[in-house]
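# Architecture and fold: a report
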Amino acid sequence: MRCSCCFRQALTRNINLMNRVDRQKSSLATLLLKLPEGMRLVVHTVVIAFVAGLSAVAFLFFTHYLFAQSYLVFAARSKSYFAVASFLMITLSSLLVCLLLRYFGSEAAGSGIPQVKSAFWKELGWIRLRPVLIKFAGGILSIGGGQSLGREGPSVFIGAGVASNLSGALGSPRRERRGPAIIGASAGLAAAFNTPLAAITFAIEEVVGDLNSRFLGRVVLASVIGAFAVYGILGRQPAFSLPAVENVSWLHYAIVPAVALLASSAGALFQRSTLRLRGRLARQKRLPVWLRPLFGGWITWSIGVTLFLTTGKVGVFGLGYQDLSSALNNLFDWRVAGLLVAAKLAATVASYGFGGIGGIFAPALFLGGMSGYFLGGLFGLWLPLTPADRIVLSAVGMSACLGTIVRAPLTSMLIVFEMTHQFALVPGLMIGTIISQAVARLNGSLNFYDALLVQDGHELHKVRPPLDLQSWQNLPAAAIANPRPVILSDLTAESLKNAIDSHPYAWFPLIVEGRLTGLVGRADIVAALPQGIEPRVTEAVTCYPDQTIREVGNKFIDSPSNIVLVVEREQEKVIGLITLHDLLRAQAAIQS
């Protein structure tokens, strides 16, 4: 525990130091202000994209280093040694992740992409620094320590968070961080996977949701910078080394639909199972949130060590890219691939569902690739498939599984192409993408990230609102209202003191015996408590939940408190609260 306390103190000092830097304009910020506006925007983009890319490269390096120095070393020894050493490794790393989540914030759990989407739309791109640091350290421990998770989500979150905070240090106010956030996200993903084209499409398809976005040019530049960062440090190598895909027969196209269907079904099953597990864990109270990654690690270990003892494969642990690369080079029995699909699916559901820190791109690519390799071997018992055919089928499975989960068809196709550098894969990838999107629609109306946001209590119209101002103004008032306002039921000194001590709000609705009396201001409460008198009650301005935002905006003119209460039409019951800040922030998100 002493070591944990020292680590906590050191991390807190670093956070405080970087926060002080964020409050001061650096010499670089002063230099930027002297540049012409167009040049300033380009230099600003290059600087924050490069730093975001470096952070993603550092995350990639340390994750790979930890895994290589543990599991790959263990696997070279005896099977009994691997079983004991891997259990100790995943237990220790998971415990450290638990401590990080316990003492520094549980919001760092999971992928990070849903949090980037939420911050981009709801917070105008502002991301706190503390979760970024926890995601960096915890992601290395989770993925490098053996949890069945990927590095893309943390890389996107780390890149976006670093860029958002660095932009603040360079003088950008919080309301202007959306550009830096999406720039950092695309640079982080480009560096994490060495895939600049896929980083562009993912940022636009998944986060922004608008191909005509004014951020497109900066996203393209950031993705190039992120790719240069990883090229310069780790070299221009694809994620998977493949033999040249030559002599591809037309026969394999008859099997592509079956592969895409199986891989897409695996992706759909992963999404449903993970959401169901998260929902059940959220309803129970016996296991604390911060302790759950340990149990996810133990489940992953039991599955992974069983498979290792029977097949000698370590693909259940970590990213699984070693075994996936072997499959893409036709280096092991296709029957083992079927076992790896089942084991990796169960382990990833446990790792993510129990709150590990990591993403789902790598597991999705693994599940799809092994599904394609398995069916290629199975159909090869009756059909004369070439080794190149099996490679194409594996790549089709990778794209289909990922596309079903994230529902970003261009990204799922481009990321496999860029990770393999094989143009012969493209026709099969396109067919698989079409089938994956059909399966995804049958699986539900939301992709995995949006389903996570809904499960965690977010409202999608606030995370991804309409793209034009007029459509947004025609939304009902309930769309931007806070549905859980803090309400006073009396004006006793105890109730008043408890309200201002427990909540930071400036105004509190007063409802006495079921009737709305008005609003009580914090300043009036603070002034009244020492004198032992009741505070002044201000008249409340109300609206109905089905009135449009345009109508509600006009009501703020008559509100002395800059607050409008949302009440039911029949019973006049308060069901929400809208502040002027809520209105302006939401409008700024649309206009930018």
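Described below are features of the structure shown in this document. (Residues numbered from 1 in each chain as written. Predicted model: local features only at pLDDT ≥ 70, side-chain atom pairs only at ≥ 80, totals over all residues. Heavy atoms only, no water.)

### Quick notes on the overall build of the chain
- Tallying secondary structure elements over the chain gives 25 helices and six strands in all.
- Taking all 592 residues of the chain together, 54% fall into the buried category.
- Considering only contacts in the chain between residues 6 or more positions apart, those separated by 24 or more positions represent 76%.
- In the structure as shown, the chain presents an accessible area of about 25200 Å², 61% of it carried by carbon and sulfur atoms. (Helix = DSSP H or I, 4+ residues; strand = E, 2+ residues; numbered from the N terminus. Buried < 20%, exposed > 50% of the residue type's maximum accessible area, 1.4 Å probe, protein only. Contact = heavy atoms within 4.5 Å. Areas by Shrake-Rupley, 256 points an atom, 1.4 Å probe, with all protein chains shown as cover.)

### Description of the sheet that holds strand β5 (residues 563-567)
- Within the open sheet, the three strands sit side by side as β4-β5-β6. Their pairing is mixed. Across the chains shown, the open sheet's two edge strands, defined by having one partner strand only, are β4 (541-543) and β6 (574-579). Direction aside, the axes of adjacent strands within the sheet are offset by 35° on average.
- As defined by bridge partners, β4 adjoins β5 across three bridges and the pair is classed as parallel. For Thr542, the partnering residue across the bridge sits in β5 and is Leu565. (Pairing = 2+ DSSP bridges. Axes fitted to C-alpha atoms, helices over the stretch in contact; angles between N-to-C directions.)

### A word on the sheet that holds strand β2 (residues 515-521)
- In spatial order, the strands read β1-β2-β3; together these three strands make up an open sheet with antiparallel pairing. Looking at which strands have only one partner, the edges of the open sheet turn out to be β1 (507-512) and β3 (537-538).
- Pairing between β2 and β3: two bridges, direction antiparallel. Following the sheet pairing, Leu519 is matched in β3 by Thr538.

### Some words on a positive patch on the surface
- On the surface, a cluster of positive charge is contributed by Arg272, Arg276, Arg280 and Arg283.
- Mapped onto the elements, Arg280 comes out in helix α11 (residues 256-283).
- Overall, Arg280 belongs to the exposed group, its relative accessible area being 54%. (Patch = residues over 30% accessible without salt bridge, like charges linked within 9 Å, V, L, I, M, F, W, Y side chains within 5 Å. Salt bridge = Lys/Arg side-chain N within 4 Å of Asp/Glu carboxyl O. Lys, Arg positive; Asp, Glu negative; His and termini not counted. Charge placed at Lys NZ, Arg CZ, Asp CG, Glu CD.)

### Some details on helix α12 (residues 292-311)
- Here α12 contains 20 residues, and its C-alpha end-to-end distance of 29 Å stays within 8% of the 28 Å for a straight helix at 1.5 Å per residue.
- By the burial criterion, the buried members of α12 are Arg292, Pro293, Leu294, Gly296, Gly297, Thr300, Trp301, Gly304, Val305, Leu307 and Phe308. (Expected span 1.5 Å × (residues − 1).)

### A short note on the side chain of Arg178
- For Arg178, the location among the structural elements is in helix α8 (residues 178-193).
- A polar contact is formed between the side chain of Arg178 and the backbone oxygen of Phe120, at a distance of 2.9 Å. (Polar contact = N/O pair within 3.5 Å; in protein donor to acceptor, adjacent residues only side chain to side chain.)

### Re the nonpolar core
- Judged by nonpolar contacts, the single largest core of 83 residues is most densely connected at Phe193, Ile360, Phe361 and Phe448.
- Ranked by residue count, the leading element in this core is helix α16 (residues 387-406), at 12 residues.
- Other than its neighbours up to four places away in sequence, Phe193 contacts Arg151, Glu152, Tyr321, Phe361, Leu365, Ile415 and Met419.
- In terms of nonpolar packing, the next biggest core, distinct from the first, is built from 14 residues, Leu475, Ile480, Ile578 and Leu583 among them. (Core = buried A, V, L, I, M, F, W, Y, C linked by side-chain atoms within 4.5 Å.)

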